[in-house]
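# Understanding the architecture of this molecule
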Amino acid sequence: MVVAPTVAYDFPHPTNVSFNGRAVRMMGHVTMSNLLRREHIHLKLGRLLDVSGGVISSAENLPVVKINGVDAQSTTTLKSGDVIEFHNGQDVTEPSETEYLREGSGNPQFLLGTAAITLKHGLDSGITVPLTSKPVPGPKAVALTFDDGPNPGYTERVLDVLKSKHVHATFFVVGRMANAYPDLVKRELKEGNLVGDHSWSHPMLAHRSDASARDELQHTRDLLRKLGATVTVFRPPYGSYTRSTVSIASSLGLRTVVWSADPSDYRRPPVGTIVARVMSQVRPGTIILMHDGGGDRSNTIAALPIIIDNLRKQGYSFETLS
Ligand SMILES: [Zn+2]
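For clarity, every value in this text was computed on a predicted model and none was experimentally measured.

### Some thoughts on the packing of aromatic side chains
Overall, the coordinates contain 1 aromatic pair when judged by the stated rule. Judged by centre distance (5.4 Å) and plane angle (25°), the rings of phenylalanine 146 and phenylalanine 171 are stacked. With phenylalanine 146 in strand S12 (residues 141-147) and phenylalanine 171 in strand S13 (residues 170-173), this pair connects stretches of sequence that are 25 residues apart. Both residues of the pair, phenylalanine 146 and phenylalanine 171, belong to the buried class. Directly above the ring of tyrosine 316 sits lysine 140, whose terminal nitrogen or CZ lies 4.9 Å from the centroid.

As structure tokens, this is what we get:
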């Protein structure tokens with residue numbers, strides 16, 4: 001009797017699956033994690049974003065991995081004919097509600113005069129972002145505002161320009177800077193400008209507790225009052241605020257004022273860029289954001305007289321907030 005020699009070869013056999021609608025052929029024992037590695041898939045979690053694009057949670061949505069419509073594990077063995085569906089966790093934005101305002105100054109205020117404004121309130125984060133702000137035709141006026149000072153060496157030069165052009169502006173001062181340089185605040189007031197509250201230490205107030213936000217605003221308001229200011233307006237640093245920030249400010253007698261033109265002068269673009277950005281964004285009622293504090297403001301100061309002259313040529317007048 002002849003016995004044929006037998007050798008136990010375990011020939012790998014193919015596993016043919018459908019991966020996101022595409023045929024994939026792999027050899028041998030194949031698990032879901034083998035397949036994902038072969039397809040260069042890196043599992044990503046979907047984030048929960050607030051209405052301003054900040055991250056509330058970095059692990060809100062898990063990736064979806066299904067075999068034949070059933071959730072699968074990375075260790076699950078694949079069989080020929082399996083239909084595999086995969087996608088990474090999707091980013092989602094928090095639920096929000098939209099509010100339409102049409103009122104005089106508005107609170108928060110984006111424009112001089114009457115404005116029609118749409119706001120989006122994030123319901124998880126409490127953060128508010130403006131969607132649109134349309135001025136209702138009114139007087140051809142703008143407000144110049146300067147943030148983050150007083151700043152020795154620069155605030156004086158801004159004041160010199162305003163004085164020489166017979167223009168008044170609004171200065172949103174940082175409390176701890178005002179505390180260090182009270183004479184600059186007094187000069188702002190003496191020359192007919194309005195001084196507003198820009199918090200004590202310039203934090204992102206949307207991420208502070210109510211008690212801390214109140215301290216930031218109240219401490220600054222009280223100091224400015226001591227320096228002789230009638231303080232009626234508050235501007236949130238970075239435009240970071242919630243509805244509760246606005247109501248805290250209101251309870252301190254302060255209207256929240258944001259802006260409607262931003263040349264990003266704090267990034268120190270060239271003088272011509274600052275001028276061009278302001279001119280392209282201005283409409284009747286625009287509140288223009290610029291900075292006298294927070295660093296070297298030479299370009300802002302050089303742009304200022306050009307901006308004032310250009311706006312005057314177009315028939316604009318200049319108002320302070322009140
Ligand atoms: Zn600021």
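### Re the domain arrangement of the protein chain
Assigned domains of the protein chain: these are domain 1 (15-93) and domain 2 (96-318). The interface of domain 1 with domain 2 comprises 5 residues on the first partner and 7 residues on the second. Interface area for domain 1 against domain 2, summed over the two sides, is near 430 Å², with a carbon-plus-sulfur share of 80%. At the surface where domain 1 touches domain 2, the tally comes to 0 salt bridges. Counting across the interface, domain 1 meets domain 2 through 0 residue pairs in polar contact (both at pLDDT 80 or more). Counted by class, the side of domain 1 that touches domain 2 contains 3 nonpolar, 1 polar and 1 charged residues.

### Some details on the coordination of the zinc ion
In this structure, Asp148 (OD), His198 (NE2) and His202 (NE2) serve as the protein donors to the zinc ion, at separations of 2.0 to 2.1 Å. Within one chain, the residues serving as donors to the zinc ion are arranged as D-x49-H-x3-H. Within this pair, whereas aspartate 148 is found in the loop between S12 and helix H2 (155-165), its partner histidine 202 is found in the loop between strand S14 (194-197) and helix H5 (210-226), the two being separated by 54 residues in sequence.

### Section: the nonpolar core
Ranked by internal contacts, the top residues of the largest apolar core, which has 45 residues, are Leu144, Phe146, Leu162, Ile288, Leu304 and Leu311. Counting residues per element, the ones that place at least two in this core are S12, H2, S13, H5, helix H6 (243-251), helix H7 (271-281), strand S17 (287-291) and helix H8 (298-313). Sorting elements by how many residues they give to this core places H8 first, with 6 residues. Setting aside residues no more than four positions away along its own chain, leucine 311 makes contact with Val142, Met279, Val282, Ile288, Tyr316 and Phe318. Of all hydrophobic cores here, the second largest spans 14 residues; its members include Val24, Met26, Ile84 and Phe86.

### Structural notes on H2
Within the span of H2, buried status applies to Thr155, Val158, Leu159, Val161 and Leu162. Burial along H2 is one-sided: seen end-on, the buried residues are contained in an arc of 160°. Turned more than 90 degrees from where H2 packs its buried face, Lys163 and Ser164 sit exposed. Against S12, S13, helix H4 (182-190) and H8 lie the buried residues of H2.

### A closer look at the environment of leucine 35
Mapped onto the elements of the fold, leucine 35 is located in helix H1 (residues 32-38). For the pair formed by leucine 35 and glutamate 188, sequence separation is 153 residues and the distance between their alpha carbons is 68 Å. Non-local contacts of leucine 35, meaning those with residues more than four positions away in its chain, are made with Phe19, Val24, Met26, Leu78 and Ile84.

### Some words on the sheet that holds strand S5 (residues 64-67)
Strand order in the open sheet formed by 5 strands is S2-S1-S7-S5-S6, with mixed pairing between adjacent strands. Single-partner strands in this sheet number two, and they are strand S2 (22-27) and strand S6 (70-71). Bridge count between S5 and S6: 2 bridges; the pairing is antiparallel. From the neighbouring strand, lysine 66 faces S6, where its bridge partner is aspartate 71.

### Quick word on the pattern of salt bridges
Tallied over the full model, the rule gives 13 salt bridges. Notably, a salt bridge pairs arginine 38 with glutamate 39, separated by 3.4 Å at the nearest N-O pair. Classification of glutamate 39 by relative accessible area gives buried; the value is 17%. Among the salt bridges present, the one from aspartate 222 reaches arginine 221, with a minimum N-O distance of 3.1 Å. On the basis of relative accessibility, which here comes to 27%, the residue aspartate 222 falls in the partly exposed class. Classification of arginine 221 as buried rests on a relative accessible area of 10%. Connected via shared salt-bridge partners are Asp160, Lys163, Arg187 and Glu191.

### Observations concerning the sheet that holds strand S8 (residues 92-93)
Pairing within the open sheet is mixed, and its 3 strands lie in the order S4-S3-S8. Strand pairing shows two members of the sheet lacking a second neighbour, strand S4 (55-61) and S8, which therefore form its edges. When strand S3 (residues 46-49) meets S4, the two strands line up antiparallel, connected through 3 bridges. When the sheet's bridge partners are listed, leucine 48 is paired in S4 with serine 57.

### A word on the side chain of histidine 198
Among the secondary structure elements, histidine 198 is positioned in the loop between S14 and H5. Judged by relative accessible area, histidine 198 falls into the buried class, the value being 1%. At 2.9 Å, the side chain of histidine 198 and the side chain of aspartate 148 are in polar contact. Once residues lying within four places of it in the same chain are set aside, the contact partners of histidine 198 are Asp147, Asp148, Phe172, Val173, Val174, Thr220, Arg235, Pro236 and Pro237.

The rules we used
Residues numbered from 1 in each chain as written. Predicted model: local features only at pLDDT ≥ 70, side-chain atom pairs only at ≥ 80, totals over all residues. Heavy atoms only, no water. Phe/Tyr/Trp six-rings, centres within 6.5 Å; stacked < 30°, edge-to-face > 60°. Helix = DSSP H or I, 4+ residues; strand = E, 2+ residues; numbered from the N terminus. Buried < 20%, exposed > 50% of the residue type's maximum accessible area, 1.4 Å probe, protein only. Lys NZ or Arg CZ within 6 Å of the ring centre and 35° of its normal. Domains from an automatic or database assignment. Contact = heavy atoms within 4.5 Å. Buried area = accessible area lost by both parts, 1.4 Å probe. Salt bridge = Lys/Arg side-chain N within 4 Å of Asp/Glu carboxyl O. Polar contact = N/O pair within 3.5 Å; in protein donor to acceptor, adjacent residues only side chain to side chain. Nonpolar A, V, L, I, M, F, W, Y, C, P; charged D, E, K, R; others polar. Donors = N, O, S within 2.8 Å, 3.2 Å for Na, K, Ca; no water. Core = buried A, V, L, I, M, F, W, Y, C linked by side-chain atoms within 4.5 Å. Arc of directions from axis to C-beta. Pairing = 2+ DSSP bridges.

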